[in-house]
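# What the coordinates show
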Amino acid sequence: MSYQEFLAAFAVAQGVGDVDTLLGEHAARYKFQITSRERAQNAIALLADELGVDWRGLRVLDVGCAYGAFTIELTKLGARAVGIDNNAKWLGLAAVNARGEVDAPFIDCDASAFAAREALAPHGPFDLVLLNDVLEHVYDTAGLLANLEALTTREAAVWFEVPNGLATQHVLAEGHKKIFGLSLLAPDHWPAFVATPFHIFYRRWPYFPALFGAFGFGDLRLITRNRDRDIERTRARIREDLDRIGALIAAGGQSPVVERACGYYLAEAEHDLATMAGGALYLKYRARFWKGIARKSGSTR
Ligand SMILES: C[S@@+](CC[C@H](N)C(=O)[O-])C[C@H]1O[C@@H](n2cnc3c(N)ncnc32)[C@H](O)[C@@H]1O
């Protein structure tokens, strides 16, 4: 029932009228929000497989919890989950989402700020941290990881899902705004393409092992599966998309900044197609999201 109330409150908050309209004409636009419970359940099932954990009593910090789906679903399984976000509007919707179903804390704080430690320490130390589609929104990732290192147990794990801006599919249509070339642009160029304030920090894959490793989470395992049957398939699909990108540029009418970024991208991708192994090519150009678990036990420090 609370999920229905959440959908109704979300529809009002976004100015799209009622639930029927939200689930009808606005379904594609708000798919991420509408499917949040289902996404949470799927990620939790995957995590249970990978970690073999008993959720009961496990202390979980859901960073960037937004409407609370992961916190709620984990609480239902017996975890002591805490949702935090720096957006009060989303936290209000999380409370509606949880109402009558679970009693979980939702805390308004910036996860990168040092002050978060004081706010969260009474709920920790945490065994598991969730960063589900969050890192790409965070500017101060080092501040965030320093907090996570301080707030977690010695054997803690961090789950992350983060989009890959170099995936050909994201270059053709950026994941949030569906705009061609946007995922290749630095944040200072975003205001020319989208209503502000909004931008995404797309980072290359090596950024993440370096970041996690620097703060004690050195044992990193990628769970992203290679769905191509062989390297020829990977190469063929990348080639098709690069041709599409090339055709869009050749057709003209793109902004100079997109044209330039795509030119650099195409040159790098051609080089990689000629030199890279299949698995690496898949991760760099085909995987739209990287999912993984970083554990403290394998610390490199
Ligand atoms: C794309 S949403 C992901 C929501 C949720 N984890 C999910 O998968 O459904 C990203 C969330 O991170 C939050 N966020 C971004 N930066 C943050 C920060 N520094 N501290 C806390 N929350 C943050 C945003 O407000 C937003 O709710």
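Structure: above.
The paragraphs below set out a description of the structure included in this document. What you are looking at is a predicted structure, and each value in this text was computed from that prediction instead of being measured. (Residues numbered from 1 in each chain as written. Predicted model: local features only at pLDDT ≥ 70, side-chain atom pairs only at ≥ 80, totals over all residues. Heavy atoms only, no water.)

### Remarks on the layout of surface pockets
Considering only enclosed or pocket space, the second largest pocket measures out at about 300 Å³ in volume. Lining the second largest pocket are 17 residues, with Leu-166, Ser-183, Leu-184, Tyr-202 and Arg-204 positioned closest to its centre. Among the residues forming the lining of the second largest pocket, the class breakdown is 11 nonpolar, 3 polar and 3 charged. (1 Å grid on protein atoms, 1.4 Å probe; cavity = no way out; pocket = protein on both sides within 12 Å on 5 of 7 lines; lining within 4 Å. Points joined across faces, edges and corners; volume = space filled by probe spheres on them. Nonpolar A, V, L, I, M, F, W, Y, C, P; charged D, E, K, R; others polar.)

### Some words on the pattern of salt bridges
In the structure shown here, the tally under the stated rule is 18 salt bridges. Among the salt bridges present, the one from Glu-232 reaches Arg-235, with a minimum N-O distance of 3.7 Å. In this pair, Glu-232 and Arg-235 are both assigned in helix 11 (residues 231-250), 3 residues apart and thus about one turn of the helix distant. Where salt bridges share partners, they join Arg-37, Glu-73, Lys-76 and Glu-101 into one cluster. (Salt bridge = Lys/Arg side-chain N within 4 Å of Asp/Glu carboxyl O. Helix = DSSP H or I, 4+ residues; strand = E, 2+ residues; numbered from the N terminus.)

### Here we look at the sheet that holds strand 7 (residues 289-295)
Strand order in this open sheet of 7 strands is 3-2-1-4-5-7-6, and the pairing throughout is mixed. Edge strands, defined here as strands with exactly one partner in the open sheet, are strand 3 (106-108) and strand 6 (219-222). The average undirected angle you get between the axes of adjacent strands in this sheet is 20 degrees. Bridge analysis of strand 1 (residues 59-63) against strand 2 (residues 80-85) gives 5 bridges, and the strand direction is parallel. Within strand 2, the residue paired with Val-63 across the bridge is Ile-84. Relative to the sheet, helix 6 (residues 88-98) contacts strand 2 and strand 3, its axis offset from that of strand 3 by approximately 170 degrees. (Pairing = 2+ DSSP bridges. Axes fitted to C-alpha atoms, helices over the stretch in contact; angles between N-to-C directions. Contact = heavy atoms within 4.5 Å.)

### Remarks on the site of the ligand
Taken together, 18 residues lie near the ligand, and Arg-39, Gly-64, Asp-85, Asp-110 and Asn-132 sit nearest. Gly-64 has a polar backbone atom sitting 2.9 Å from a nitrogen atom of the ligand. Asn-132 has a polar backbone atom sitting 2.9 Å from a nitrogen atom of the ligand. Protein contacts shield 91% of the accessible area of the ligand, which totals 600 Å² for the unbound molecule. (Near = heavy atom within 4 Å. Polar contact = N/O pair within 3.5 Å; in protein donor to acceptor, adjacent residues only side chain to side chain. Areas by Shrake-Rupley, 256 points an atom, 1.4 Å probe, with all protein chains shown as cover.)

### Considering the nonpolar core
Counting 33 residues, the largest nonpolar core has Val-63, Leu-131 and Phe-212 as its most contacted members. Breaking this core down by element, the ones donating at least two residues are strand 1, strand 2, helix 7 (115-120), strand 4 (126-132), helix 8 (141-151), strand 5 (152-163), helix 10 (207-214) and strand 7. Broken down by element, the residue count for this core peaks at 5 residues, all from helix 8. Among all residues touching Leu-131, those that are not within four sequence positions of it are Val-63, Leu-144, Leu-148, Val-158, Trp-159, Phe-160, Glu-161 and Phe-212. (Core = buried A, V, L, I, M, F, W, Y, C linked by side-chain atoms within 4.5 Å. Buried < 20%, exposed > 50% of the residue type's maximum accessible area, 1.4 Å probe, protein only.)

### Concerning the packing of helix 8 against helix 10
In a packed pair of helices, the relevant descriptors are the angle between the two axes and the axis-to-axis distance. At a closest axis distance of 9 Å, the pairing of helix 8 and helix 10 adopts a crossing angle of 40 degrees. What the angle tells us is that helix 8 and helix 10 run oblique. The two elements helix 8 and helix 10 cross, and the hand of that crossing is right-handed. Only Tyr-207, Leu-211 and Phe-212 of helix 10 make contact with helix 8, whose side of the interface consists of Thr-141, Ala-142 and Leu-145. Looking at the contact of helix 8 with helix 10 residue by residue, the class counts come to 5 nonpolar, 1 polar and no charged. (Parallel < 35°, antiparallel > 145°, perpendicular 65-115°, else oblique. Left-handed = near helix turned anticlockwise from the far one by under 90°.)

### Quick notes on unusual backbone geometry
Pro-125 follows Gly-124 through a cis peptide bond whose omega is -5 degrees. By the element assignment, Pro-125 lies in the loop between helix 7 and strand 4. Look at the link from Thr-196 to Pro-197: it is a cis peptide, with omega at 0 degrees. Here Pro-197 lies in the loop between helix 9 (168-172) and helix 10. Although it is not a glycine, Ala-66 adopts a positive phi angle of roughly 50 degrees.

### Topic: the pairing of strand 7
Bridging between strand 5 and strand 7 involves 7 bridges; their strand directions are antiparallel. Across the sheet, residue Val-162 finds its bridge partner in strand 7, namely Trp-290. Two elements, strand 6 and strand 7, share 4 bridges in a ladder whose sense is antiparallel. Considered in strand 7, the bridge of Arg-221 is made with Ile-293.

### So, the environment of Glu-136
Its place among the elements puts Glu-136 in the loop between strand 4 and helix 8. The sequence separation of Glu-136 and His-199 amounts to 63 residues, and the corresponding C-alpha distance is 9.1 Å. In contact with Glu-136, not counting residues within four places along its chain, are Glu-161, Val-162, Pro-163, Ile-200, Phe-201 and Arg-203.

### Brief notes about the packing of aromatic side chains
For the structure on display, the rule yields 17 aromatic pairs. Aromatic side chains Trp-190 and Tyr-202 sit 6.4 Å apart centroid to centroid with 35 degrees between the ring planes, which places their arrangement in the tilted category. Residue Trp-190 is located in the loop between helix 9 and helix 10, and its partner Tyr-202 is located in the loop between helix 9 and helix 10; the two are separated by 12 residues in the primary sequence. Its relative accessible area of 0% is what places Trp-190 among the buried residues. Residue Tyr-202 is classed as buried on the basis of its relative accessible area, which comes to 17%. In textbook terms, an aromatic cluster arises when at least three aromatic residues are bridged by ring pairs, as seen for Tyr-3, Phe-6, Phe-10, Tyr-30, Tyr-67 and Trp-90. Positioned above the aromatic ring of Phe-198, the side-chain terminus of Lys-177 is 4.4 Å from the ring centre. (Phe/Tyr/Trp six-rings, centres within 6.5 Å; stacked < 30°, edge-to-face > 60°. Lys NZ or Arg CZ within 6 Å of the ring centre and 35° of its normal.)

These figures capture arrangement, not role.
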